[in-house]
Every structure is written in C-alpha cells, then in structure tokens.
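Below, each chain spelled out in residue letters.
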Amino acid sequence: MFYFREGFCWTNILNPQAKLLKAKLKQKTVNDVGSMSLSSIADSVPNYYLVALLNSELLFNYYREYINNTVNIQINDIRQLPVFVPKKTWLIEIQKLFEKLVALKKTKQETDEDFETEIKKLEQDIDKIVDSLYSI
C-alpha cells in the first residue's frame, strides 16, 4: 500500500554538526529504512511544501530543540513537527521558489560561485516565508 507512492524523504542518520534535515522529493519507489519517507494526504499541504518546511532553519531548530537532538531521524519525529497550513498565495510563492531551486540544483554547477550564491539566496527566501508563516 505504501510502495510506489510519491512523497518526500530524508536519510535516517543526521550528521551531528548538521544545520538542516535535508529532505527531498521522492518519486514512485520502494521504501527503504536507509531513507525514511512520508507522503502528504492533503492537497492543501503538498509534498514540495513539506520539503520546503523540513529544509527550513526554523523547523530544523524546533526539531533539534523540542523533538530529537540525536543523529537518528525517525518518521514519528517528523510527524511531531508543527505544520502550518498556508493560504494558496503562500503555496504558490513557495512552489515558485522551490521549483527554481530544484531546477538550479539539477544543473550541478557546484564549482561556480554564482551557483552557490543563487542557491543560498533561494533557500533564504524560502526561510523568510516559513518564518512569516509561523509569525517569527
């Protein structure tokens, strides 16, 4: 029932010095314990939005402070994160930034300084929106 479903995933072991959870979208695949995965069941909270939240500094800090400060990231840990259901306008804005970020990362130009600068800017823009959603 849970195999071959689109969703989002993350590795189950986090670097102790990590500053983000580093979630990503998952295609229709078989699940494995090496990469935990979940799927949204609500149209108002799409998978790309959950990935953006999980990759935000705000939710990472909340996760580390209140849920789990170990290196193991469990599905039940992620389920405990507070997910704000946004208005459609916020979803559209996050989707635009998210799609730009994914497209840019697919170009794989890590050695280009402008590439890194653009990635950081898009991530910061998403962080600002997430902070606004949670009234921070």
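Given the structure is predicted, the values throughout are model-derived calculations rather than measurements.

Student: Can you help me understand the overall build of the chain in this one?
Tutor: Looking only at helices and strands, the chain has five helices and three strands in total. Ordered by position in the sequence, the α and β elements of the chain form the string β-β-β-α-α-α-α-α. Going through the 136 residues of the chain one by one, you find that 36% of them count as buried. Looking at the chain as shown, the accessible area adds up to about 8900 Å², and 53% of this sits on carbon and sulfur atoms.

Student: Would you mind going over helix α4 (residues 88–106) with me for this structure?
Tutor: Side chains of residues three or four places apart in an α-helix project in the same direction, reflecting 3.6 residues per turn. With 19 residues, α4 should cover 27 Å at 1.5 Å per step; its first-to-last C-alpha distance of 27 Å lies within 8% of that length. Residues of α4 that are buried include every one of Leu91, Ile94, Leu97, Phe98, Leu101 and Leu104, and no others. The buried side chains of α4 occupy one side of the element, clustering within an arc of 160° when seen end-on. Exposed residues lying more than 90 degrees from the buried face of α4 are Lys88, Thr89, Lys100 and Lys106. Buried residues belonging to α4 abut β2 (24–29), α1 (47–54) and α5 (113–133). Taken from the residues just after α4, Lys108 is the one with a positive phi, measuring 50°.

Student: What's the story with the packing of α4 against α5 in this structure? I'm lost.
Tutor: When two helices pack together, you describe them by how their axes are tilted relative to each other and by the distance separating the axes. Interaxial distance between α4 and α5 falls to 10 Å at its minimum, and their mutual angle equals 160°. Taken as axis vectors, α4 and α5 run roughly antiparallel relative to one another. As α4 runs across α5, the sense of the crossing is left-handed. In this structure, α4 uses Trp90, Glu93, Ile94, Leu97, Phe98, Lys100, Leu101, Leu104 and Lys105 to contact α5, whose residues at the interface are Phe115, Glu118, Ile119, Leu122, Glu123, Asp125, Ile126, Ile129, Ser132 and Leu133. Here the residues of the contact of α4 with α5 are counted per class, giving 12 nonpolar, one polar and six charged.

The rules behind the values
Residues numbered from 1 in each chain as written. Predicted model: local features only at pLDDT ≥ 70, side-chain atom pairs only at ≥ 80, totals over all residues. Heavy atoms only, no water. Helix = DSSP H or I, 4+ residues; strand = E, 2+ residues; numbered from the N terminus. Buried < 20%, exposed > 50% of the residue type's maximum accessible area, 1.4 Å probe, protein only. Areas by Shrake-Rupley, 256 points an atom, 1.4 Å probe, with all protein chains shown as cover. Expected span 1.5 Å × (residues − 1). Arc of directions from axis to C-beta. Contact = heavy atoms within 4.5 Å. Axes fitted to C-alpha atoms, helices over the stretch in contact; angles between N-to-C directions. Parallel < 35°, antiparallel > 145°, perpendicular 65-115°, else oblique. Left-handed = near helix turned anticlockwise from the far one by under 90°. Nonpolar A, V, L, I, M, F, W, Y, C, P; charged D, E, K, R; others polar.

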